[in-house]
Amino acid sequence: MKELLRVENLSVDFQKEKGFIRAIDNISFEVYPGETVCIVGESGSGKSVTSLSIMRLLEYENGKIANGEILFNDQNLVEMSQEQMRQVRGNDISIIFQEPMTALNPVFTIGKQLIESIVSHKHVPKKVAWEQACELLALVGINDVNVRMKQYPHELSGGMRQRVMIAIALACNPKLLIADEPTTALDVTIESQILTLLNDLKNKVHMSIVLITHDMGVAAEVADRIVVMYAGKIVEQGTVYQIFDEPTHPYTKGLLQSIPNESGPREERLYSIKGNIPSLSQLPAGCRFHPRCEYATEQCKKSEPDLVVGNNRKVACWNFERVINDKVEQ
Amino acid sequence: MLQFAIKRLGQSIVLILIVTMITFFLMNLAPGGPSSMMRMDATEEERAAISEQLGLDDPIPIRYGKWLIDAMQGDLGLSLSSGQEVTDRILERFPFTLQLTMWTIVLSIIFGVLFGIISATNRNTWKDHTINFGSVIGLSVPSFWLAIMMILLFSVQLKWLPSSGVGEGSLLDQFKASIMPVVILSTATLPTIVRFTRSSMLEVITQNYIRTSRAKGIKERTVIYSHALRNALIPVISIIGVLIPRLLSGAVIVESVFGWPGMGRLIVEAAQSRDYNLVMGVTVIVTVLVVVCNFIVDIIYSKVDPRVKNMG
């Protein structure tokens, strides 16, 4: 099957006072039609920047694509003008953000914000757009749509607002939906509702989803494939089973060990990866993860490992064989 | 809404009472009085007779009480210096000030908001720097100096515009006469609106909902002029609500330089001639204007920002 989205050697720079900082360094991944790809990693690993660069919204936030290609249906989004890109946004590719409380414009009604999305890509009369908007709200599980359409964002709860955001994103039947930590700001019951909703919608409208999360639990629930990012690089990539059953990168392994174990004794301290993610301006030499890595060797301090492809998965670690052999007791 | 209006009315009455009381006492504490403004050769007896006739011999609180009772019945008294009704004297001047205010505020809002947006959306470019520089100049150049310079250039040298008065006869003359006063008044109000719009806009365009609106694929023009501006205008509306009553109460310096018969000159004349009734009358009118403007601003506020439902 041909891929829907192909990110090829993408590097992204951010303008800071002292020049540019590389937020994403040479990443590549694909998304196939109908597939859910999860990008996981700690805060600061470049997940959100990746999503903003696919949407080309980086330019509005002092970022720029330094290198690489983003091929969507064989069109290179990197070469598009903002005007061309405008026709892709919200139409072919949509995004939902992690802050439902602030992501909707406070001074416009839900209806207006939904209809605006529809009419900016489809030439339909206002009345038809209104009906479509109502259908969308019903689709994302909102009741009393006629009342909701006339309400303002502040009259809705966080979970409701995220549903509205999803409705806006789905307005033009996008082929790809990017969900940037869509449930981080919501409480747990709402979180599972939203994830279930996304999964159902994916099957209903046949779209692909790129879900960005720092929560391995969320990834386990919805992902077909997982991309693990660390400090602006992809460190491991594979199917959800490969990643969860047999992590080959020490960082992935650490992330999995950090998931609280429901059946374990409560006194047991939760595992956490030692140290912190490095600042992008002070990246360590060699492998970016080596200062925090249990498997680090002299080689790791000196040179950076490339992504090695094998068995339909990729890993960037000098010692992945040792990691595999060192089975975790889970 | 009704509850809000009633509450507002109550607050306004208290405010007007306090303002008039302070003005009344301060004015009477100032040395001299209407009688001291009489002809130099008036005798002591004549002065005393005038004072008694005007009721100026009563203690200040009693005179304030009397004035208040009359004022509450809509009678602001007679002007002590001209003998006309105070209301008439104010109504005679007010349209001229209103004319200046309207033009100034309309120009300031249109260009102020526009420059503010240009400045914010082109942050740290030459456009932004030029507009900022212009704003600083406009705010810091004293209006009397600018007025005199403009008169020298446009009236004396070029002879394009009249140097004073409201313009006799044709509408064109009236228009020409108001150009310079309006421009001078705008040099203070326009930069204020520019700066408020700019900073408010800069804050708004970093908000998440602006990113959302871009992500929806709507036109950048719609993002700025609809999504961002609507939010950015909320604080700008409140500053306009402050500027309008300030302009309506008259621009003393500009009106004096251009011989413009507005409220600003009226209050100066009234104070100089110790025309107690006239000063009080102008004070009441100005206070009411401030209150009314604030009330209108609050209503507009609640229309622009749906989060402000529970007014008051």
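What counts, and where the lines are drawn
- Residues numbered from 1 in each chain as written.
- Chains lettered and ligands numbered in written order.
- Predicted model: local features only at pLDDT ≥ 70, side-chain atom pairs only at ≥ 80, totals over all residues.
- Heavy atoms only, no water.
- Helix = DSSP H or I, 4+ residues; strand = E, 2+ residues; numbered from the N terminus.
- Rg over C-alpha atoms; globule rule 2.2 N^0.38 Å.
- Buried < 20%, exposed > 50% of the residue type's maximum accessible area, 1.4 Å probe, protein only.
- Contact = heavy atoms within 4.5 Å.
- Areas by Shrake-Rupley, 256 points an atom, 1.4 Å probe, with all protein chains shown as cover.
- Lys, Arg positive; Asp, Glu negative; His and termini not counted.
- Charge placed at Lys NZ, Arg CZ, Asp CG, Glu CD.
- Patch = residues over 30% accessible without salt bridge, like charges linked within 9 Å, V, L, I, M, F, W, Y side chains within 5 Å.
- Salt bridge = Lys/Arg side-chain N within 4 Å of Asp/Glu carboxyl O.
- Expected span 1.5 Å × (residues − 1).
- Pairing = 2+ DSSP bridges.
- Phe/Tyr/Trp six-rings, centres within 6.5 Å; stacked < 30°, edge-to-face > 60°.
- Axes fitted to C-alpha atoms, helices over the stretch in contact; angles between N-to-C directions.

A. Molecular detail of the overall build of chain A. Helix and strand content of chain A: 12 helices and 12 strands. The C-alpha atoms of chain A give a radius of gyration of 21 Å, which matches the 20 Å a tight globule of 330 residues would have. Projected onto its principal axes, the C-alpha coordinates of chain A cover approximately 65 × 50 × 45 Å. Counting across all 330 residues of chain A, residues that qualify as buried make up 53%. In chain A, once contacts between residues fewer than 6 apart in sequence are set aside, the share between residues at least 24 apart is 65%. Put simply, chain A shows about 15100 Å² of open surface, and 48% of that area lies on carbon and sulfur atoms. A distance of 3 Å separates the average location of the 35 positive side-chain charges in chain A from that of its 42 negative side-chain charges.

B. Focus on a nonpolar patch on the surface. All names here are of chain B. A cluster of nonpolar side chains, contributed by L9, I13, V14, L17, I18, I22, L26 and L29, occupies part of the molecular surface with about 770 Å² of accessible area. With respect to the helices and strands, the residue L29 is situated in helix α1 (residues 2-29). On the basis of relative accessibility, which here comes to 63%, the residue L29 falls in the exposed class.

C. How the structure looks around helix α6 (residues 143-157) of chain B. All names here are of chain B. Look at α6: 20 Å from first C-alpha to last across 15 residues, which is about the 21 Å you get at 1.5 Å a residue. All buried positions along α6 are accounted for by A147, M150, I151 and S155. Looking at the buried positions of α6, the neighbouring elements they touch are α7 (171-204) and α10 (252-257). Among the residues trailing α6, K159 stands out with phi positive, at a value near 55°.

D. Examining the pairing of strand β6 (residues 93-96) of chain A more closely. Residue and element names in this part refer to chain A. Because side chains alternate across β6, one face comprises the buried residues I93 and I95, and the other comprises S94 and I96, equally buried. Relative to strand β7 (residues 176-180), β6 is paired through four bridges, and the arrangement is parallel. What sits directly across from I96, in β7, is A179.

E. Highlighting the packing of aromatic side chains. All names here are of chain A. For the structure shown, the criterion picks out 11 aromatic pairs over all chains. Here Y230 and F289 contribute two aromatic rings whose centre-to-centre distance is 5.0 Å and whose plane-to-plane angle is 80°, an arrangement assigned as edge-to-face. Taken together, the positions of Y230 in strand β9 (residues 225-230) and F289 in the loop between α10 (250-257) and α11 (298-302) put the pair 59 residues apart, joining distant regions of the chain. For the pair Y230 and F289, one class covers both residues: buried. Aromatic side chains Y251 and F289 sit 5.1 Å apart centroid to centroid with 65° between the ring planes, which places their arrangement in the edge-to-face category.

F. Region of the structure containing the sheet that holds β6 of chain A. Residue and element names in this part refer to chain A. The eight strands lie next to each other as β6-β7-β8-β3-β9-β10-β12-β11, forming an open sheet whose pairing is mixed. The sheet terminates laterally at β6 and β11 (308-310), the two strands that pair on one side only. The average angle at which neighbouring strand axes cross in this sheet is 20°, direction not considered. As judged from the six bridges shared by β9 and strand β10 (residues 233-239), these two strands associate in the antiparallel manner. Looking at β10, one finds that I226 is bridged to G238. Across the sheet, α10 lies against β3 (36-40), β9 and β10, angled at about 105° from β9, the strand it touches most.

Remember that the coordinates give geometry; whether it matters functionally is a separate question.
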